[in-house]
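# Architecture at a glance
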Amino acid sequence: MSLFKYPEDRLPILIAVGMTALDFAVYATVQSPLWFVAYWLLMLTPKGVLCAWNHHHQHVATFKFTVLNRLLEQSYALHTGMGTNAWLLHHVLGHHQNFLDQEKDESRWKRRDGTPMGVLEYTFNVALTAYPRAYRVGKRFPAHQRRFVAYTAVTFALVATLVALKPFAGFMLFVLPMICSLLYTAWVTYDHHAGLDSEDPFQASFNNLNPSFNRLTGNLGYHTAHHHRQGVHWSKLPELHARIEHKIPQHLYRKSTYADFLPSGHQAGPAASPEA
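The structure displayed is predicted, hence computed values, not measured ones.

### Quick word on the overall build of the chain
- Counting its secondary structure elements, the chain contains 10 helices and 2 strands.
- Beginning at the N terminus, the succession of helices and strands in the chain can be written as α-α-α-α-α-α-α-β-α-α-α-β.
- In terms of overall size, the chain behaves like a compact globule, its C-alpha atoms giving a radius of gyration of 19 Å where 276 residues would be expected to give roughly 19 Å.
- By the burial criterion, 53% of the 276 residues in the chain qualify as buried.
- Sequence separation of 24 or more characterises 66% of the internal contacts of the chain that already satisfy a separation of 6 or more.
- Surface accessibility of the chain: about 13000 Å² in total, with carbon and sulfur atoms responsible for 65%.
- Separation of charge centres in the chain, based on 24 positive and 18 negative side chains, amounts to 8 Å.

Spelled out as structure tokens, the structure:
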């Protein structure tokens, strides 16, 4: 019997767990500070990409058994800065319910006065408020909130122990990547919705159908489809997109391979348009 709900998850999870094992191997064996810095730089992009897979897991749990999902979430937390139920509360039960309302959206791209944020302001706003907003959403879902608090405490205790035992190694291998990945996650999500002030869910997300981008992110470029039915597994999003693409305006497609990895820097607002 397979442990996975969907066989398509096997390779991504092998990579994620392998990266965790590699981190601990480096922690245990490397002594040179320069090697730690080099390793951190080398792993910036791979760990950033893992954020997309952590996101998918919090929409559709990877394993059939809870204990395996909790262990996987600890692995993801050390790479991405967001562990058990963090994105479930902030993103699944928060942003996906409120992305059409910029007064409520947990990943809002508008300021309180209604003017649009720039990408840097948005990045720091979303990253620095991620945990408080997740906790606030959790007030409506106390069971999820309790798990979020408990497992976040476990993650922080583990990281604190690693730093206490080997301060520089612990900081470079775990603390700094968690911070960077959380900032990276916020940064690349700016162009998912920024500038699309619409009450129509088919006109409120940008899409990127580049095959390379979608292989790396688990079809995150099919963003309208993802918001249309957020419980659909990432491997099924192209099929879902094909059924609804006639409802998506052509100006909501991005053509650049890296459009969602590197925010375009366009000025958010009703007249915003995607990169050519």
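### Here's the deal with the nonpolar core
- Ranked by size, the top nonpolar core spans 28 residues in total, and within it Ile13, Tyr27, Phe36, Trp53, Tyr76, Leu173 and Phe174 carry the most contacts.
- Among the elements of the structure, α1 (10-29), α2 (33-59), α3 (66-80), α6 (142-165) and α7 (167-193) are those that each provide at least two residues to this core.
- The dominant element in this core, judged by the number of residues it contributes, is α2, at 8 residues.
- In this structure Leu173 touches Asp23, Val26, Tyr27, Phe36, Tyr39 and Lys47, once residues within four positions along its chain are discounted.
- Membership of the second largest hydrophobic core comes to 21 residues, among which are Met117, Ala186, Tyr190 and Ala194.

### Observations concerning a nonpolar patch on the surface
- There is a patch of nonpolar side chains on the surface, built from Met1, Leu3, Phe65, Val67 and Leu71 and spanning about 560 Å² of accessible area.
- The topology assignment puts Met1 in the segment before α1.

### A few points about the packing of aromatic side chains
- Under the criterion given, the structure shown has 9 aromatic pairs.
- Here the aromatic rings of Trp53 and Trp234 are separated by 4.9 Å at their centres, their planes lie at 85 degrees, and the arrangement is edge-to-face. With a gap of 181 residues between them, Trp53 in helix α2 and Trp234 in the loop between α9 (223-228) and α10 (237-244) connect regions that are remote in the sequence.
- Classification of Trp53 as buried rests on a relative accessible area of 10%.
- Plain terms: the ring middles of Tyr122 and Tyr190 are 5.3 Å apart, the flat faces sit at 65 degrees to each other, and that makes the pair edge-to-face.

### Overview of the side chain of Asn207
- Its location among the elements puts Asn207 in strand β1 (residues 207-208).
- Classification of Asn207 by relative accessible area gives buried; the value is 0%.
- Polar side-chain contacts of Asn207 include one of 3.0 Å to the backbone nitrogen of His223.
- Apart from residues lying up to four places away in sequence, Asn207 is in contact with Gly221, Tyr222, His223, Thr224, Ile248, Leu252, Tyr253 and Arg254.

### Observations regarding the side chain of Gln58
- Assignment of secondary structure puts Gln58 in helix α2.
- Among the polar contacts listed, one links the side chain of Gln58 to the backbone oxygen of Gly83, at a separation of 2.9 Å.
- Sequence-distant contacts of Gln58, that is, excluding residues within four places in its chain, are made with Glu73, Gly83, Thr84, Asn85, Ala86, Trp87, Leu88 and Val92.

### A short note on the packing of α3 against α7
- Interhelical geometry of α3 versus α7 gives an angle of 80 degrees and a closest axis separation of 6 Å. Here α3 is positioned roughly perpendicular relative to α7, judged by the angle of their axes. From α3, Ala77, Leu78, His79 and Thr80 reach across to α7, where they touch Phe174, Pro177, Met178, Ser181 and Leu182.

### Points about the packing of α6 against α7
- Two elements in contact, α6 and α7, have axes whose closest approach is 6 Å; the angle formed by their N-to-C orientations is 150 degrees. α7 is crossed by α6, and the crossing has left-handed handedness. For the pair formed by α6 and α7, the contact residues are Thr155, Phe156, Val159, Leu162, Val163, Ala164 and Leu165 on the first element and Pro167, Gly170, Phe171, Phe174, Val175 and Met178 on the second.
- Of the residues in the contact of α6 with α7, the class split is 11 nonpolar, 2 polar and no charged.

### What to know about α7
- Relative to the 39 Å expected for 27 residues at 1.5 Å per residue, α7 spans 39 Å between its end C-alpha atoms, a close match to the ideal helical length.
- Leu176 marks where α7 bends most, by close to 30 degrees; the proline Pro177 follows one to four residues later.
- Following α7 by one or two positions, Gly195 adopts a phi angle in the positive range, close to 95 degrees.

### Side note on unusual backbone geometry
- One non-glycine residue, Asn85, adopts positive backbone phi at about 65 degrees.
- Within the secondary structure, Asn85 sits in the loop between α3 and α4 (86-98).
- You can call Asn85 buried: its relative accessible area is 6%.
- Of note, Asn219 is a non-glycine position whose phi angle comes to about 65 degrees, a positive value.
- Tracing the sequence through the fold places Asn219 in the loop between α8 (211-217) and α9.

### Details of α10
- Buried residues of α10: Leu237, Leu240, His241 and Ile244, and no others. Around the axis of α10, the buried residues are gathered within 105 degrees of arc, so they sit on the same side.
- On the buried face of α10, the contacting elements are α9 and β2 (253-254).

Calculation notes
- Residues numbered from 1 in each chain as written.
- Predicted model: local features only at pLDDT ≥ 70, side-chain atom pairs only at ≥ 80, totals over all residues.
- Heavy atoms only, no water.
- Helix = DSSP H or I, 4+ residues; strand = E, 2+ residues; numbered from the N terminus.
- Rg over C-alpha atoms; globule rule 2.2 N^0.38 Å.
- Buried < 20%, exposed > 50% of the residue type's maximum accessible area, 1.4 Å probe, protein only.
- Contact = heavy atoms within 4.5 Å.
- Areas by Shrake-Rupley, 256 points an atom, 1.4 Å probe, with all protein chains shown as cover.
- Lys, Arg positive; Asp, Glu negative; His and termini not counted.
- Charge placed at Lys NZ, Arg CZ, Asp CG, Glu CD.
- Core = buried A, V, L, I, M, F, W, Y, C linked by side-chain atoms within 4.5 Å.
- Patch = residues over 30% accessible without salt bridge, like charges linked within 9 Å, V, L, I, M, F, W, Y side chains within 5 Å.
- Salt bridge = Lys/Arg side-chain N within 4 Å of Asp/Glu carboxyl O.
- Phe/Tyr/Trp six-rings, centres within 6.5 Å; stacked < 30°, edge-to-face > 60°.
- Polar contact = N/O pair within 3.5 Å; in protein donor to acceptor, adjacent residues only side chain to side chain.
- Axes fitted to C-alpha atoms, helices over the stretch in contact; angles between N-to-C directions.
- Parallel < 35°, antiparallel > 145°, perpendicular 65-115°, else oblique.
- Left-handed = near helix turned anticlockwise from the far one by under 90°.
- Nonpolar A, V, L, I, M, F, W, Y, C, P; charged D, E, K, R; others polar.
- Expected span 1.5 Å × (residues − 1).
- Bend = angle between axes of the 7 residues up to and from the residue.
- Arc of directions from axis to C-beta.

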